[in-house]
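Chain by chain, the residues:
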Amino acid sequence: MATKGKIDPRERDMNVPKEQTVAIFRQKGGPLSVEKAPVQKPQKGEALVHVIYSGVCHTDLHAMLGDWPLDNKLPLIGGHEGAGVVVQLGPGADEYVKVGDRVGIKWLADSCLKCDQCRRGHEPNCSQAQCSGFTMDGSFQQYAIASARHLTPIPDSLDLETASPLLCAGVTVYRAVKEARLTPGETVAIVGAGGGLGHLAVQYAVNAGYRVIAIDSGAEKEKLARSLGAEAFVDFAKEKDLVQAVKDTTADKQGPSAAIVAASGGKAYEQALDYLRPRGTLVAVGLPPDTNIQANVFFTVFKALHIVGSYVGNRQDAIESLDIAGRGKVKVIHKTVGLSSLPDIYDQMHAGKIAGRIVLDLDK
Ligand code: NAD
Ligand code: ZN
């Protein structure tokens, strides 16, 4: 039975101010500035969401550094793990949401819902896709404009603070666990297991009945990953022969059946194909800049390996991943700080020092 999440008193405030606080940057590389900005009016199909909490994803840092081979909107208000309440609707938006609904702003802000990719449920691959905090302003602001048809309903079982990191990190790794196509009892390596995505991936994998080997670095992340159900931990910074160390954690020394690479560093991809057991699957999730997966053709064929890219999830993945967390199967390990701490959070994230997720309270 689902329990009820805590209701934040701010959820009941339907008053829309003229001005709000936002975190914005105007050029690649920053600087990031926390300042006042006008609240926008929702247009056709749009809702105005009072964002109360937003998670901080490593993608937000990539966007600010401009280190991906894609251009984002500039100036940009980042953020794509927003949790809040609908406070105003543009024309036609009432088909999807109503004022007072608790909703989430995820990375995939919009897609056409008419093309073959959308019809097949591959909404992130729609050629018309819009991304929150990348091609349009995101959730690092108190009042965000969102396409109503892509908002995620937040179940009563979750409080908004806990729900926010699920809207990118949770959805993404839940989908990645599906893409690994394992059967219960098989072993998966979660690479970057102590990070925002990784600590949730450990739990979605355990919940699906898989055995987990966690790969990351440091005592804090090891403790976290083990506490969430990982049976083994390999420290990528300490281990001289990481491939052998990962294989050694499996009883037959053949290695895991899948590796979900949710690391922000490119090195993580180097060894993954070498420690997978025959017929293993590499699920590429982490997006380090300038990184190639080097796959030896002979061994890819000989070991019958699978290499799969996994890009966030669709609306249904969002609903399922939140539901699982709402039923207490997945815990969001986070620390909550104010919006003005964001530059400092980015520094810590760049240095790999954050275990779990950072959540911003937009009113702090
Ligand atoms: P994070 O900073 O919270 O976590 C990354 C973790 O990776 C850290 O714990 C770090 O110690 C670990 N790490 C770094 N190098 C490693 C290595 N060589 N081996 C093992 N672990 C290593 O970041 P996050 O928010 O979890 O995001 C992770 C990556 O996933 C980012 O590149 C982000 O842009 C990407 N991402 C992809 C999708 C998608 O749809 N595919 C969605 C969201 C985020
Ligand atoms: Zn993200």
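Residues numbered from 1 in each chain as written. Chains lettered and ligands numbered in written order. Predicted model: local features only at pLDDT ≥ 70, side-chain atom pairs only at ≥ 80, totals over all residues. Heavy atoms only, no water.

Draft legend 1. A look at the pattern of salt bridges. On inspection of all chains with the given rule, the structure shows 22 salt bridges. Of the charged contacts in the structure, one is a salt bridge between D363 and R10, with a shortest N-O distance of 2.6 Å. With D363 in the segment after β18 (357-361) and R10 in the segment before β1 (19-25), the pair connects residues that are 353 residues apart, well separated along the chain. Between K178 and E320 there is a salt bridge, and its shortest N-O distance comes to 3.0 Å. Of this pair, K178 sits in helix α4 (residues 169-179) while E320 is found in helix α10 (residues 315-326), placing the two residues 142 residues apart along the sequence. The exposure class of K178 is partly exposed, given its relative accessible area of 37%. The class for E320 is partly exposed, based on a relative accessible area of 22%. (Salt bridge = Lys/Arg side-chain N within 4 Å of Asp/Glu carboxyl O. Helix = DSSP H or I, 4+ residues; strand = E, 2+ residues; numbered from the N terminus. Buried < 20%, exposed > 50% of the residue type's maximum accessible area, 1.4 Å probe, protein only.)

Draft legend 2. Structural detail: the site of ligand 1. The environment of ligand 1 is formed by 31 residues, the closest being H58, T59, D216, V312 and R357. G192 has a polar backbone atom sitting 3.4 Å from a nitrogen atom of ligand 1. When isolated, ligand 1 has an accessible area of 860 Å², and the protein chains bury 94% of it. When residues of the shell around ligand 1 are traced back to their parent elements, those giving at least two are α1 (58-65), α5 (196-207), β12 (211-216) and α8 (267-275). With 3 residues, the top contributor of residues to the shell around ligand 1 is α1. Of the residues contributing to the shell around ligand 1, the split by class is 15 nonpolar, 12 polar and 4 charged. Looking at which domains feed residues into the shell around ligand 1, each of domain 1 (9-154 + 333-361) and domain 2 (171-309) gives three or more. (Near = heavy atom within 4 Å. Polar contact = N/O pair within 3.5 Å; in protein donor to acceptor, adjacent residues only side chain to side chain. Areas by Shrake-Rupley, 256 points an atom, 1.4 Å probe, with all protein chains shown as cover. Nonpolar A, V, L, I, M, F, W, Y, C, P; charged D, E, K, R; others polar. Domains from an automatic or database assignment.)

Draft legend 3. Quick look at the domain arrangement of the protein. Domain annotation for the protein reports domain 1 (9-154 + 333-361) and domain 2 (171-309). Between domain 1 and domain 2, the C-alpha centre-to-centre distance is 29 Å. Counting from both sides, the interface comprises 13 residues of domain 1 and, opposite them, 14 residues of domain 2. For the interface between domain 1 and domain 2, the tally reads 0 salt bridges. Our enumeration of links across domain 1 and domain 2 arrives at 6 residue pairs in polar contact (both at pLDDT 80 or more). (Contact = heavy atoms within 4.5 Å.)

Draft legend 4. Quick look at the coordination of the zinc ion (ligand 2). The protein atoms that coordinate the zinc ion (ligand 2) are C57 (SG), H80 (NE2) and C168 (SG), at distances of 2.0 to 2.3 Å. Read from N- to C-terminus, the donor residues coordinating the zinc ion (ligand 2) fall into the pattern C-x22-H-x87-C. Here C57 is found in the loop between β3 (46-56) and α1, whereas its partner C168 is found in the loop between α3 (160-163) and α4, with 111 residues between them in sequence. With respect to class, C57 is no different from C168; both count as buried. (Donors = N, O, S within 2.8 Å, 3.2 Å for Na, K, Ca; no water.)

Draft legend 5. Seen up close, the UniProt feature "domain: Enoyl reductase (ER)" (unreviewed entry) in the protein. UniProt annotation of "domain: Enoyl reductase (ER)" (unreviewed entry) refers to residues 29-360 when read in the numbering used here. A distance of 21 Å separates the end C-alpha atoms of residues 29-360, which is 27% helix and 24% strand. (UniProt positions renumbered as here; feature names shortened; annotations may be inferred.)

Draft legend 6. Representation of the pairing of β18. Of all 5 residues making up β18, 5 are buried, and the element is well covered by its neighbours. Of the two faces of β18, the one lined by R357, V359 and D361 and the one lined by I358 and L360 are each fully buried. Sheet topology note: the β3/β18 ladder contains 4 bridges and is antiparallel. Following the sheet pairing, S54 is matched in β18 by L360. As defined by bridge partners, strand β17 (residues 334-338) adjoins β18 across 5 bridges and the pair is classed as parallel. Bridge pairing in β18 links G338 to D361. (Pairing = 2+ DSSP bridges.)

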